[in-house]
Amino acid sequence: MRNSRFIFGSFIFILLVGCTSVDSRKQFVEENIIYACEQTHCMLTSLGETQGRYPRSTKKDGSLSTTDIYGWTSGFFPGTLWMLYELTNDSCWKEKAVEWTLPLEPNKYNTKDHDVGFMMYNSFGRGFALTKDKSYRDILVQTANSLMTRFNPNVHSIKSWEGGKAPHDTIVWQFPVIIDNMMNLELLFWASKATGDPSFRNIAISHAEKTMKYQIRKDGSSYHLACYDPETGNFIKGETSQGYSNESTWSRGQGWGIYGFTLCYRETKDPRFLKTAQRMADYYINHPNLPSDKIPWWDFDTHRPGFIPGKFSKTNKYIQNYRDASAASVTASALLELSSYVKDDKKKIYTETALQILTSLSSPEYRAEEGKNGNFILKHSTGAIPHGSEVDVPLIYADYYFLEALLRYNRMINNKPIL
Ligand code: GLY
């Protein structure tokens, strides 16, 4: 640990010298960034030469669990390294970011997964924004072309998964679309701007419109998954895979939706997307079951009468309710952007809620001690309770969006554009 301070001492020095103000908001951000640098350096040290495997979570015995480059979470660690480079301007982080980004390149031809946006935009996309490296641009454009192959003009949507069925239903999905897919649209909007070809953007808009119509309920809550008929494009049913029930609201899905519709408004200025993002945000913020620290339970409906925690777990082992820090960190980052598009009370509520989330996540309840928690930043995230997978663990994407929210908040308090 001491070594890491020595090796990466330059950025700590830069940060402290830069912090001439006693403004507590700046101190809050700086303390978290210094911590994130330390913890991420511990992670890099623990990973050693294990190139090809990317940190994802921890196993039941506390050891690291990883993914290969094709796992949907592979882009988050490189993205974290790019953000640390942006936050510190220390070239050590850039070197590491490049090293962990380049091996993801084969995903540019990946047409089997809608999550190439997560994998490639968060890695190469962040890298391109900071370096303007043309090779990154070309890789991203090819990735966007691969994602476009999953678009079905009958459904007006990009297909998420190849098939499957809900854990507690019999219907086999022919054309499933999950709310998470809203996040992958950012790559398509970017590709239109990079190439001048409007088709990427048109498909993103078409997908967002269909999701808005069928997956977002009147009260601003969301279905995790929509089943469509691939021939007629008809909506068949709203379901879930990772939530408590088909009619419940899976917390991270709600976060993906708030973030996704906010970015669609950023790119289109279509007021329908802004309204949808706000309805979804208001559902999260005003929900009677949202704990006072603003970190949601893994599903907003786990307090309904009749809820049996662990009911859908294969092992039936989970006998208590769980929070999801990842849902909170995604939402905090989204709310900060959303706050920049609204005024007065709404602006205040969205900013304050984001800050409340960040304050909770930075507390010892959620933020790990240095060198602990498998060297991930945040504790208490939940992957997929119905599948008995990744329950009350660190998750790399919780860390990524926590850092992104800090980055956005840092820009905001320094009067810079949030994006
Ligand atoms: N996109 C997968 C998840 O949020 O678990």
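Residues numbered from 1 in each chain as written. Predicted model: local features only at pLDDT ≥ 70, side-chain atom pairs only at ≥ 80, totals over all residues. Heavy atoms only, no water.

Student: Residue-level account of helix 6 (residues 116-131), with values.
Tutor: The largest bend in helix 6 is about 30°, located at N122. Among the 16 residues in helix 6, 13 count as buried, and that is most of the element. Taken from the residues just after helix 6, K132 is the one with a positive phi, measuring 60°. (Bend = angle between axes of the 7 residues up to and from the residue. Helix = DSSP H or I, 4+ residues; strand = E, 2+ residues; numbered from the N terminus. Buried < 20%, exposed > 50% of the residue type's maximum accessible area, 1.4 Å probe, protein only.)

Student: Tell me about the pattern of salt bridges, residues and numbers included.
Tutor: Counted under the stated rule, the structure contains 26 salt bridges. Note that R25 is salt-bridged to D23, the shortest N-O span being 3.2 Å. Note that E162 is salt-bridged to R150, the shortest N-O span being 2.8 Å. On the criterion of sequence distance, the pair formed by E162 in the loop between strand 4 (157-158) and strand 5 (175-178) and R150 in the loop between helix 7 (134-148) and strand 3 (151-152) is long-range, its members being 12 residues apart. (Salt bridge = Lys/Arg side-chain N within 4 Å of Asp/Glu carboxyl O.)

Student: Requested: an account of the pairing of strand 9 (residues 389-393), with residues and values cited.
Tutor: As paired strands, strand 8 (residues 381-384) and strand 9 are joined by 3 bridges and run antiparallel to one another. Residue A384 lies in a different strand from strand 9, and its bridge partner there is S389. (Pairing = 2+ DSSP bridges.)

Student: Requested: an account of helix 11 (residues 271-286), with residues and values cited.
Tutor: Counted at 1.5 Å a residue, the expected span for helix 11 with its 16 residues is 22 Å, and the 22 Å between its end C-alpha atoms agrees. Those residues of helix 11 that are buried are in contact with helix 9 (198-214), helix 10 (251-268), helix 12 (325-339) and helix 13 (344-361). (Expected span 1.5 Å × (residues − 1). Contact = heavy atoms within 4.5 Å.)

Student: Any details on the sheet that holds strand 7 (residues 235-239)? Residues and values, ideally.
Tutor: Strand order in this open sheet of 3 strands is 5-6-7, and the pairing throughout is antiparallel. Lying at the two open borders of the sheet, with one neighbouring strand each, are strand 5 and strand 7. This sheet shows a mean twist of 25° between the axes of neighbouring strands, independent of strand direction. Note: strand 5 against strand 6 (residues 225-228), 4 bridges, orientation antiparallel. Each residue of the ladder has a partner; that of V177, found in strand 6, is A226. (Axes fitted to C-alpha atoms, helices over the stretch in contact; angles between N-to-C directions.)

Student: Just give me the short version of the environment of T40, but keep the residues and values in it.
Tutor: Here T40 lies in helix 3 (residues 24-47). On the accessibility criterion, T40 (4% relative accessible area) is buried. When the C-alpha positions of T40 and I377 are compared, they lie 8.0 Å apart, and in sequence the two are 337 residues distant. Once residues within four sequence positions are removed from consideration, T40 is found in contact with F77, T80, L81, L84 and W93. Among the polar contacts listed, one links the side chain of T40 to the backbone oxygen of A36, at a separation of 2.6 Å. (Polar contact = N/O pair within 3.5 Å; in protein donor to acceptor, adjacent residues only side chain to side chain.)

Student: Give me the site of the ligand: which residues, what numbers.
Tutor: With respect to spatial proximity, the complete set of residues near the ligand consists of W72, D180, Q242, W250, R252, W256 and Y397. The side chain of D180 places a nitrogen or oxygen atom 2.7 Å from a nitrogen atom of the ligand. Here an oxygen atom of the ligand and a side-chain polar atom of W256 are 3.0 Å apart. Residues of the shell around the ligand, tallied by class, amount to 4 nonpolar, 1 polar and 2 charged. (Near = heavy atom within 4 Å. Nonpolar A, V, L, I, M, F, W, Y, C, P; charged D, E, K, R; others polar.)

Treat this as a map of the structure, not an account of what it does.
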